[in-house]
Amino acid sequence: MTKHLSENFAWPKEFLWGSATAAAQIEGASHSYGKEDSVWDAFARKEGVIAGGDNLKVAVDHYHRYQEDVGLMRELGLDSYRFSTSWARVVPGGRSVNREGLDFYSRLVDELLENGILPWLTLYHWDMPQALEDQGGWTNRDTAYKFVEYAEAIYAKLGDRVNHWTTFNEPLCSSLIGYAAGEHAPGRQEPAAALAAVHHQHLGHGLATQRLRELGAQELGITLNLTNAVPNDPTDPVDLEAARRIDALWNRMFLDPLLRGSYPEDLLQDVSGLGLAEVIQPGDLEIIHQPIDFLGVNHYHDDNVSGHPLAGDGPEAVVPTDAPKSSPFVGSEYVTFPSRDLPRTAMGWEVNPQGLRVLLNRLKADYSDLPALYITENGASYTDELSPDGTVADTERSEYIFDHLDAVAGAIEDGVSVRGYFVWSLLDNFEWAWGYQKRFGIIYVDYETQERIIKDSGRAYAGLIAANRTMA
Ligand code: GBH
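Small disclaimer: the values here were computed from a predicted structure and weren't measured.

Time to look at the pattern of salt bridges. Considering all chains together, one arrives at 37 salt bridges under this definition. The partner of D384 in a salt bridge is K455, and the shortest N-O contact between them spans 2.6 Å. Taken together, the residues D384 in the loop between β9 (372-377) and α16 (395-413) and K455 in the loop between β12 (452-454) and α17 (456-471) connect sequence positions 71 residues apart. The same class applies to D384 and to K455, which are both buried. A single network of salt bridges, built from pairs that share partners, joins E241, R244, R245, D247, R252, D266, D270, R362 and D366.

What follows is the structure in structure tokens.
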């Protein structure tokens, strides 16, 4: 690996070094110990929606191997572990609370604390009980209230030991990709439903934040995936307009209600006719605009955006109607993402680390009430080879991680308050629509034997953490 600024940077003393996973991607035991179908279990049974026909039944068997996995976290020297609880495990069938499910998370939290690792808990990383989806899922306003009941159940069990609570992980994905593009569960392709899903997740966030605060939760926040929308040609008004739309839909549609208590005006215009305004009830935005203690930022890549000219002129201009509708770009289906001359990961995503510095600075500049920032996900998929000597020389992943840490260090130098970094992911795991074909772990998993092997990137990351501990 080449030398990086982040290796000699004076990281803030309290900077949190972590790694992240999500329940559905690692646990397995998908129909055991009282757990029933999540939307992802049901989705995976459909023909042709998951690469290789993969499913979540065993995943990386974390449910049975959590002690070994916490041992590995300790070996890496992690300060904190970001994980999620499964709604479908804790409230199977959306009915009553499953004690066995809660006990599992209780054992996990105890194991973490005994090993000196701070638990960083996310309530929703996409695995709603299928029974609730059958009642409309996130298009149904009641789901926001059901989410609060689920949050209360978890808090009652773990509130004495968990201080860091994240309501949602990337509501963009579980709304736009799940309900509009249909590439994620529940696999619906209905733009209006996707916007209702956005609003009801926001509402669920606000209500749960209020309730957990009343119950005494210490640190409350949400995680968003944020992506710079870069105009392909910054001198072309068509590209600038396309980038504005994507920024409104992918970033500001989430940031503004949470941090300002309103949806962006330009977004409301872009998606007018798709029912968003109709699902917003009086008082909702006050609930959504709860004070939060941190904002989690997931960042992987920038989007290079171009557009087609609008049909018509001035305020009468409209998006051409021949646009493909089955896309996550609700109301902006006509935009295109031309490829640039940049390296790419195995996902095909551009590698452009300084984009993260730009993004963090933009958040600081645009939101006066910005809470503390944590990078709650950043990482990369590459084709890993397990060599005969039992090592994985994933130099590209190490470079990716350290290049992004350089960008975080740069943002801290610029005066942005970034308090921690969680690598995605601790373990190779079920990569949603890509099944087990894409590996993101800093720990390799042999899917036949479930053997875990720390990759070179994991060792490099552990080295950085250790160096900072000595300096502190
Ligand atoms: C995260 O989402 C998830 O939280 C995590 O569970 C997942 O395993 C991890 O990332 C890796 O995928 O349509 O080609 O322009 C990632 C968020 C949002 C990143 C959509 C890619 C668009 C790619 N993703 N984004 S494209």
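Past the structure itself, the notes keep going.
Take the UniProt feature "active site" (unreviewed entry) in the protein chain next. Under the UniProt annotation, the feature "active site" (unreviewed entry) is placed at E377. Taking the relative accessible area as the measure of exposure, E377 reaches 4% and is therefore buried. Contacts of E377, omitting those with residues within four sequence positions, involve R82, H125, N169, E170, V297, N298, H299, Y300, F422 and W424. At 3.0 Å, the side chain of E377 forms a polar contact with the side chain of R82.

Another point: the side chain of N228. Locating N228 in the fold gives a position in the loop between β5 (219-225) and β6 (229-231). One polar contact links the side chain of N228 to the main-chain carbonyl oxygen of G355, over a distance of 2.8 Å.

Note that the residue after A185, namely P186, is joined by a cis bond; omega there is 5°. Mapping P186 onto the fold places it in the loop between α9 (171-181) and α10 (191-215). Here W424 and S425 are connected by a cis peptide whose omega angle stands at 10°. Structurally, S425 can be placed in the loop between β10 (418-424) and β11 (443-445). Unusually for a residue other than glycine, E170 sits at a positive phi of about 45°.

Attention now moves to the site of the ligand. Taken together, 17 residues lie near the ligand, and Q25, H125, E170, E431 and W432 sit nearest. Here an oxygen atom of the ligand and a side-chain polar atom of H125 are 2.9 Å apart. Class assignment of the residues belonging to the shell around the ligand gives a composition of 8 nonpolar, 5 polar and 4 charged.

Another aspect to go through is the packing of helix α15 (residues 354-366) against α16. Interhelical geometry of α15 versus α16 gives an angle of 30° and a closest axis separation of 7 Å. Compared by their axis directions, α15 and α16 come out roughly parallel. Between α15 and α16 the crossing geometry is right-handed. Facing α15, whose interface residues are Q354, L356, R357, L360 and N361, α16 presents H404, A407, V408, G410 and A411. Taken together, the residues that form the contact of α15 with α16 break down as 5 nonpolar, 4 polar and 1 charged.

In this structure, W40 and W165 are the most contacted members of the largest nonpolar core, which totals 132 residues. The biggest single contributor to this core is helix α11 (residues 237-260), with 11 residues. Sequence-distant contacts of W40, defined by excluding residues within four places in its chain, comprise I50, L56, W126, E183, H184, A185, F430, W432 and A433.

All right, on to the packing of aromatic side chains then. Applying the stated rule across the entire model yields 39 aromatic pairs. Judged by centre distance (6.5 Å) and plane angle (85°), the rings of Y124 and F147 are edge-to-face. Of this pair, Y124 sits in strand β3 (residues 118-124) while F147 sits in helix α8 (residues 142-158); the two residues are 23 residues apart in sequence, bridging distant segments of the chain. Residue Y124 is classed as buried on the basis of its relative accessible area of 2%. Every member of this aromatic cluster is reached through a ring pair, and the members are W40, F43, W126, F430, W432, Y436 and Y447. Above the ring of W434, the side-chain terminus of K438 is found at 4.5 Å from the ring centroid.

We now examine the packing of α9 against α10. At a closest axis distance of 8 Å, the pairing of α9 and α10 adopts a crossing angle of 160°. With respect to each other, α9 and α10 are oriented roughly antiparallel. The hand of the α9/α10 crossing is right-handed. Residues P171, S174, S175, L176, Y179 and A180 of α9 lie in contact with α10, whose contacting residues are P191, A193, A194, A197, V198 and Q201. Looking at the contact of α9 with α10 residue by residue, the class counts come to 9 nonpolar, 3 polar and no charged.

So, on to the sheet that holds strand β4 (residues 164-169). Strand order in the closed barrel formed by 8 strands is β1-β2-β3-β4-β5-β7-β9-β10, and the pairing between neighbours is parallel. Here the strands of the sheet are splayed against their neighbours by 25° on average, with no regard to which way each runs. In the sheet, strand β1 (residues 16-20) pairs with β10 via 5 bridges, with the strands oriented parallel. Bridge assignment links W17 to a residue of β10, and that residue is Y421. With respect to the sheet, α11 is in contact with β5 and β7 (294-298), its orientation differing from that of β5 by roughly 160°. The strands that α16 touches are β1, β9 and β10; relative to β10, the one it contacts most, it runs at about 170°.

Analysis parameters
Residues numbered from 1 in each chain as written. Predicted model: local features only at pLDDT ≥ 70, side-chain atom pairs only at ≥ 80, totals over all residues. Heavy atoms only, no water. Salt bridge = Lys/Arg side-chain N within 4 Å of Asp/Glu carboxyl O. Helix = DSSP H or I, 4+ residues; strand = E, 2+ residues; numbered from the N terminus. Buried < 20%, exposed > 50% of the residue type's maximum accessible area, 1.4 Å probe, protein only. UniProt positions renumbered as here; feature names shortened; annotations may be inferred. Contact = heavy atoms within 4.5 Å. Polar contact = N/O pair within 3.5 Å; in protein donor to acceptor, adjacent residues only side chain to side chain. Near = heavy atom within 4 Å. Nonpolar A, V, L, I, M, F, W, Y, C, P; charged D, E, K, R; others polar. Axes fitted to C-alpha atoms, helices over the stretch in contact; angles between N-to-C directions. Parallel < 35°, antiparallel > 145°, perpendicular 65-115°, else oblique. Left-handed = near helix turned anticlockwise from the far one by under 90°. Core = buried A, V, L, I, M, F, W, Y, C linked by side-chain atoms within 4.5 Å. Phe/Tyr/Trp six-rings, centres within 6.5 Å; stacked < 30°, edge-to-face > 60°. Lys NZ or Arg CZ within 6 Å of the ring centre and 35° of its normal. Pairing = 2+ DSSP bridges.

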